[in-house]
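# Coordinates in review
Take a look at the letters that make up each chain.
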Amino acid sequence: MATPDPIAASSLALQIRALGSKFDPEVLAATRAIYRPVVDLGEAAEEQVDAVYGSHVRHRLDVYRPASQPRAIVAFVHGGGFVAGDKNGDGAFYRNVGRWLARQGFLAVLPNYRLAPADGWPAGARDVQAVLQWVDEKREGFDARKVPLVLWGQSAGASHVATWLFDDSARGGEPAHVDGVMLMSGFYSASAPLPPGPRAYFGEDISLYDQRSPLTHVRAVETPIWLGVAELDPGWIAQQTYAMARALAVAIGSSPSFHFFRDHNHVSTVHSLGSPQQDCGDEVLRVLESVIARA
């Protein structure tokens, strides 16, 4: 692991803080411009691009393998406001996530999934299920038959993961086994009026919003759950994570695992992986280590 550079990390944090708590395509572009020159994109020991896990053109995933036997498998489901996003749309993001995980000894699986408006609710949760089934079928070939599997979603990806975890009917079958779930800056409760992206996914019929919201279906589950929120998440997004934390606390009878990412905006957490700003990476590694120890 690279030696921490506190000066470089502080500079990155200040640049992100200067963007404020607004989030839109311009802030996304500005965030990527900040990290692109400094993120480590050194190749994984082995990479597989656009492996097919389903029949749709978006049913493609990338695999990043470490040099040695994987310590765990991590499936990372990216965001994009339900209508956009890509596992590696520009050669840097979210390739940085996969390659960073591989350098830490993890086998990383980064899928694309179907997008609204062409494919609305519950397409995302169904695709998460299909990805996990694909992983189960490939474990032996990855020399990862007995290692734990962690499912990690960010933003809209976290919504799809939460729906997959809690809503049996939306998932479309018995859940594939995972050893840990990470939900970062997600969208968990649809209520009118919705912004355009979530509205395209959850639909125009507001009478269905409650039933389609993963928050409605929260219950105690055996799978350990971790929640993350960024200091500079827009308020309407941040409150979704706090609502999820409350619902989980009620369901399980104790506080859920929770982390507050200071000096980060809605996407800088995952964009920072592989950069001198290592705070997000340190927390993700802590969570993954805890899952490995428990398994």
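Our structure's up above, just so we're on the same page.
Residues numbered from 1 in each chain as written. Predicted model: local features only at pLDDT ≥ 70, side-chain atom pairs only at ≥ 80, totals over all residues. Heavy atoms only, no water.

## Overview of the packing of aromatic side chains
Heads up, the rule is: Only rings of Phe, Tyr and Trp enter the pairing, Trp through its six-membered ring, and a pair is recorded when the two centres are within 6.5 Å. The plane angle decides the type: under 30 degrees is stacked, over 60 is edge-to-face, the rest tilted. Secondary structure follows DSSP: runs of H or I at least 4 residues long count as helices, runs of E at least 2 residues long count as strands, and numbering of each begins at the N terminus. With a 1.4 Å probe rolled over the protein chains alone, any residue whose accessible area is under 20% of its type maximum counts as buried; one over 50% counts as exposed, and the rest are partly exposed. Ring-over charges, as used throughout, are those where CZ of Arg or NZ of Lys falls within 6 Å of the ring centre and within 35 degrees of the ring normal.
Counted according to the given criterion, the structure contains 11 aromatic pairs. Both rings, one in F82 and one in F187, keep their centres 5.8 Å apart while their planes meet at 80°; by these two values the pair is edge-to-face. Separated by 105 residues along the polypeptide, F82 in the loop between strand 3 (73-77) and helix 3 (95-103) and F187 in the loop between strand 6 (180-184) and helix 7 (196-202) bring together distant segments of the chain. For F187, a relative accessible area of 7% gives the class buried. When the ring of F82 is compared with that of F202, the centres are 5.5 Å apart and the planes differ by 70°; the resulting orientation is edge-to-face. On the criterion of sequence distance, the pair formed by F82 in the loop between strand 3 and helix 3 and F202 in helix 7 is long-range, its members being 120 residues apart. Considered together, F82 and F202 belong to a single accessibility category, that of buried residues. In textbook terms, an aromatic cluster arises when at least three aromatic residues are bridged by ring pairs, as seen for F82, F187, Y201, F202 and W236. For the cation-ring pair, R32 lies above Y94, with the distance from its terminal atom to the ring centre recorded as 5.5 Å.

## Some remarks on the pattern of salt bridges
Which entries qualify depends on this criterion: Any Lys or Arg side-chain nitrogen located within 4 Å of an Asp or Glu carboxyl oxygen qualifies as a salt bridge.
The full count for this structure, using the stated rule, is 20 salt bridges. A salt bridge links D40 to R103, with the shortest nitrogen-to-oxygen separation between them at 3.6 Å. In this pair, D40 sits in the loop between helix 2 (25-35) and strand 1 (46-52) while R103 sits in helix 3, placing the two residues 63 residues apart along the sequence. Residue D40 is classed as partly exposed on the basis of its relative accessible area, which comes to 35%. R58 is the salt-bridge partner of D86, the closest N and O atoms lying 3.7 Å from each other. One end of the pair, D86, is in the loop between strand 3 and helix 3; the other, R58, is in the loop between strand 1 and strand 2 (60-65), with 28 residues separating them in the sequence. Since its relative accessible area comes to 15%, R58 is described here as buried. Several salt bridges converge on common partners, so that one network encompasses R17, E231, R262 and D263.

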